[in-house]
Amino acid sequence: EHRDAVERLGDNRKRPLSIELESKVADYLASESLPVTATSFSDFCALVKDEVLARYVREDEFDLSKWLRDRDANKTGYGSQLTRGLLGPIYLGGNRTTLINMLRSEDHEEERSSIAHWLPADVPFWAANSTELVEFVAKFQKALDRRDGGRLVACFKGEGASEERWLKRKFHSRLPHAVMFSGGIRLDRFELLVVPERLAVAQYHVQPSKVSAVTLPIGYATTDPDRVDRITRLLAQR
């Protein structure tokens, strides 16, 4: 698959990157490396009880090509509208629509959580698409509570004031709510988002190419109470 590298000139205008700039982008992507992960793809499938993705474990890694073929043949469903596969970053337009529709499909009870907690993956290009991320945060928070708006809180792991300052510089204009914690398990390729008792997302960042640090998140989004509870407990442990 080929994808053109472009520069945005507003909402509707783009232009191709110069050869020099495209070369610098390629060099930058090649210079990044993925941290060694403590938990494998098969560990992820077991911890989040993803029986669909578990079928695509090959030598402890994800068989992306077989999953894509089966998805085209409608063989990768979870057997319930309460749980849906989620490919690519949570904040991309199509995934954002899926998550907001899942929130809206719930029973409208009086007391519902309007705060979501988002545990990022420890990969170099997490939340790299600023435009999509900013739009996701605004629309997702509105969907959490259509009257007053909710809060999407990013939960970063860090140590000390210098790392806190670095996180603020990097994300303050894109993620309005965040906390930093220390100790506990080191972040890895797991990405979790939880709205207690309402919605949960669990994804693992697979590495399609061993020569690139670009990752592809894959997993599921769910409103199934048992799965939401499982992911909520997993996030709390981490």
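Coordinates for the structure precede this section.
All chains use their own residue numbering, which begins from 1 and follows the written sequence. Whole-chain, interface and lining totals are the exception, using all residues; otherwise, since this is a predicted model, local features are given only for residues with pLDDT of at least 70 and side-chain atom pairs are given and counted only at 80 or more. Side-chain numbers come from the whole structure's heavy atoms, not from hydrogens or water.

Trainee: What's the story with the overall build of the protein chain in this structure? I'm lost.
Mentor: Along its length, the protein chain carries seven helices and 11 strands. Across the 238 residues of the protein chain, 39% fall into the buried class. What makes two residues a contact is simply this: any of their non-hydrogen atoms within 4.5 Å. By sequence separation, contacts in the protein chain at least 24 residues apart represent 67% of the contacts at least 6 residues apart. Residue exposure ignores everything except the shown protein chains as possible cover, and the areas themselves are Shrake-Rupley values with a 1.4 Å probe. When the accessible surface of the protein chain is split by element, carbon and sulfur atoms take 49% of a total near 13,800 Å². Strands here are runs of E lasting at least two residues and helices are runs of H or I lasting at least four, both read from the DSSP assignment and numbered beginning at the N terminus. Relative accessible area decides the class of each residue, using a 1.4 Å probe on protein chains only: under 20% of the type maximum gives buried, over 50% gives exposed, and in between gives partly exposed.

Trainee: For this particular structure, what's the right way to read the packing of aromatic side chains?
Mentor: Any two aromatic rings considered together are summarised by their centre-to-centre distance and by the angle between their planes. Aromatic rings from Phe, Tyr and Trp, with only the six-membered ring used for Trp, were paired whenever their centres fell within 6.5 Å, and each pair was classed as stacked if the ring planes differed by under 30 degrees, edge-to-face if by over 60, and tilted otherwise. Using the criterion set out here, one finds 15 aromatic pairs in the structure. Their ring planes at 25° and their centres at 4.9 Å tell us that Phe156 and Phe171 sit as a pair that is stacked. Of this pair, Phe156 sits in strand E7 (residues 151-157) while Phe171 sits in helix H6 (residues 160-171); the two residues are 15 residues apart in sequence, bridging distant segments of the chain. Per residue, the accessibility class of Phe156 equals that of Phe171, and both read buried. Here a set of aromatic residues connected by ring pairs shows up, and it is made of Phe41, Phe44, Tyr56, Phe62, Trp67, Phe190 and Tyr204. Two conditions define a charge located above a ring, namely a distance within 6 Å from the ring centre to NZ of Lys or CZ of Arg, and an angle within 35 degrees of the ring normal. One residue, Arg227, lies across the ring of Tyr220, its end atom 5.0 Å from the ring centre. One residue, Arg238, lies across the ring of Phe190, its end atom 4.0 Å from the ring centre.

Trainee: Sorry, what's going on with the sheet that holds E7 here?
Mentor: Paired through their backbone hydrogen bonds, the strands of a sheet run either parallel or antiparallel. Here we have seven strands laid out as an open sheet, ordered E5-E11-E10-E9-E6-E7-E8, and mixed in their pairing. Of all strands in the sheet, those bounded by a partner on one side alone are strand E5 (83-87) and strand E8 (177-181). Strand-to-strand twist across the sheet, computed as the mean angle between neighbouring axes with direction ignored, equals 15°. Strands are labelled as partners when DSSP assigns at least two bridges between them. Bridge count for E7 against E8 is five bridges, and the pairing is parallel. Residue Lys157 lies in a different strand from E8, and its bridge partner there is Phe181. Axes here refer to lines fitted to C-alpha atoms; in helices the fit is confined to the stretch in contact. Angles between the N-to-C directions go from 0 to 180 degrees. Sitting on the sheet, helix H7 (residues 225-237) is in contact with E5, strand E6 (115-119), strand E9 (190-195), strand E10 (199-206) and strand E11 (216-222), with an inclination near 120° to E9.

Trainee: Please explain helix H4 (residues 93-104) as it appears in this structure.
Mentor: Residues lying three or four places apart along an α-helix face the same way, a consequence of the helix completing one turn every 3.6 residues. The span expected for a helix works out to 1.5 Å for each residue beyond the first. For H4, built from 12 residues, the straight-helix expectation of 16 Å at 1.5 Å per residue is met to within 8% by its first-to-last C-alpha distance of 17 Å. For H4, the set of buried residues is Asn95, Arg96, Thr98, Leu99, Ile100, Met102 and Leu103.

All we've got here are geometric facts, nothing functional implied.
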